[in-house]
Amino acid sequence: MKNNVNILLILAVALMVGSCRSSRNVVWLKTAIERSNSQLLAAADTYKDSLKNPRTFEDGVVKLVKPRDWTSGFFPGSLWLQYEFTHNETLKNAAQHYTELLDTMQYYKGTHDLGFILNCSYGNGYRITAESSYKNVMFNGAASLMARYKPQMGVIRSWDANKEVWQYPVIIDNMMNL
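Residues numbered from 1 in each chain as written. Predicted model: local features only at pLDDT ≥ 70, side-chain atom pairs only at ≥ 80, totals over all residues. Heavy atoms only, no water.

(A) How the structure looks around the layout of surface pockets. Its boundaries defined by the atoms lining it, the largest pocket holds a volume of some 230 Å³. Taken together, 13 residues line the largest pocket, and the ones lying closest to its centre are Leu40, Ala43, Pro54, Arg55 and Phe75. Only helix 2 (23-46), strand 1 (53-58) and helix 3 (74-86) provide two or more residues apiece to the lining of the largest pocket. For the lining of the largest pocket, the class distribution of residues is eight nonpolar, four polar and one charged. Approximately 200 Å³ is the volume attributed to the second largest pocket. Secondary structure elements with two or more residues in the lining of the second largest pocket: helix 5 (114-129), helix 6 (132-146) and helix 7 (173-177). (1 Å grid on protein atoms, 1.4 Å probe; cavity = no way out; pocket = protein on both sides within 12 Å on 5 of 7 lines; lining within 4 Å. Points joined across faces, edges and corners; volume = space filled by probe spheres on them. Helix = DSSP H or I, 4+ residues; strand = E, 2+ residues; numbered from the N terminus. Nonpolar A, V, L, I, M, F, W, Y, C, P; charged D, E, K, R; others polar.)

(B) Fine view of the packing of aromatic side chains. In total, this model carries seven aromatic pairs according to the counting rule given. Between the aromatic rings of Trp70 and Phe74, the centroid separation amounts to 5.6 Å while the plane-to-plane angle is 85 degrees, which identifies the pairing as edge-to-face. Between the aromatic rings of Tyr122 and Tyr134, the centroid separation amounts to 5.2 Å while the plane-to-plane angle is 90 degrees, which identifies the pairing as edge-to-face. In this pair, Tyr122 is assigned in helix 5 and Tyr134 in helix 6, connecting sequence segments 12 residues apart. Put simply, the rings of Trp80, Tyr83, Tyr122 and Tyr134 pair up and form one aromatic cluster. (Phe/Tyr/Trp six-rings, centres within 6.5 Å; stacked < 30°, edge-to-face > 60°.)

(C) Broad picture of the pattern of salt bridges. Inspection of the entire model under this criterion finds five salt bridges. Between Glu84 and Arg127 there is a salt bridge, with the nearest N and O atoms lying 2.7 Å from each other. Here Arg127 lies in helix 5 and Glu84 lies in helix 3, a separation of 43 residues in the sequence. Overall, Arg127 belongs to the partly exposed group, its relative accessible area being 27%. In this structure, the salt-bridge partner of Asp160 is Arg157, at a minimum N-O distance of 2.9 Å. When salt bridges with common partners are traced through the structure, they connect Arg148, Arg157 and Asp160 into a single cluster. (Salt bridge = Lys/Arg side-chain N within 4 Å of Asp/Glu carboxyl O. Buried < 20%, exposed > 50% of the residue type's maximum accessible area, 1.4 Å probe, protein only.)

(D) View of the nonpolar core. In this structure, Phe75, Leu79, Trp80, Tyr98, Leu118 and Tyr122 are the most contacted members of the largest nonpolar core, which totals 23 residues. Where this core is concerned, the elements lending two or more residues are helix 2, helix 3, helix 4 (89-100), helix 5 and helix 6. Sort the elements by how many residues they give to this core and helix 5 lands first, with five residues. Leave out the neighbours within four places in its chain, and Tyr122 touches Thr99, Glu100, Leu102, Asp103, Tyr134, Val137 and Met138. (Core = buried A, V, L, I, M, F, W, Y, C linked by side-chain atoms within 4.5 Å. Contact = heavy atoms within 4.5 Å.)

(E) Structural view of the packing of helix 3 against helix 5. Remark: helix 3 packs on helix 5, axes separated minimally by 8 Å, with the N-to-C direction vectors making an angle of 20 degrees. Taken together, helix 3 and helix 5 sit at an angle that is classed as roughly parallel. Between helix 3 and helix 5 lies a crossing of left-handed hand. Facing Phe74, Pro76, Gly77, Trp80, Leu81, Tyr83 and Glu84 of helix 3, the residues of helix 5 in contact are Phe116, Cys120, Ser121, Asn124, Gly125, Arg127, Ile128 and Thr129. Partitioned by chemical class, the residues of the contact of helix 3 with helix 5 number eight nonpolar, five polar and two charged. (Axes fitted to C-alpha atoms, helices over the stretch in contact; angles between N-to-C directions. Parallel < 35°, antiparallel > 145°, perpendicular 65-115°, else oblique. Left-handed = near helix turned anticlockwise from the far one by under 90°.)

(F) Region of the structure containing a nonpolar patch on the surface. A contiguous nonpolar surface patch, about 330 Å² in accessible area, is contributed by Trp159, Val165 and Trp166. Tracing the chain through its elements places Trp159 in the loop between strand 4 (155-156) and helix 7. (Patch = residues over 30% accessible without salt bridge, like charges linked within 9 Å, V, L, I, M, F, W, Y side chains within 5 Å. Areas by Shrake-Rupley, 256 points an atom, 1.4 Å probe, with all protein chains shown as cover.)

(G) Spotlight on the packing of helix 3 against helix 4. The geometry of helix 3 relative to helix 4 is characterised by a closest axis approach of 8 Å and an angle of 155 degrees between their N-to-C directions. What the angle tells us is that helix 3 and helix 4 run roughly antiparallel. Pair helix 3 / helix 4 crosses with left-handed handedness. For the pair helix 3 and helix 4, the contacting residues are Phe75, Pro76, Leu79, Trp80, Gln82, Tyr83 and Thr86 in the first and Glu89, Leu91, Lys92, Ala94, Ala95, Gln96, Tyr98 and Thr99 in the second. Class assignment for the residues of the contact of helix 3 with helix 4 results in nine nonpolar, four polar and two charged.

Put into structure tokens, the structure is as follows:
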């Protein structure tokens, strides 16, 4: 499976590079990869002592989020994907650190967004490294998500909403989070 993903990644890059009309586009791609590395590593180093993950840059300030934020898995997921592409061990170490900040989320039953939180981080970490502890987190997270499942309706509840407004809210994100 890992080899198939690597082959697909290499093929995708080859197609992108092969479809370039000039060597300038190849230079652009290499520059983009290098810039992504430097930006991800700078952010990872800057916020390593925080218990939060970077989310966005807004109004001149980097916004950090707690593990329960639906986007909290995106930064470690980005680190994992960049590590997979570059094999830069510093990226891998950062990915491990920021992934492990989300450890408690495997038991959290208060959101339908566990797929965004755990699959981007632990799921990519497991797919790339086959680290068995990551697989365990994914199983625990799946069990927590299933606590939101209502068999009579065949759906997972999106929010713990005011029942006077919505009896059982369901949005398309649930399918992505599965």
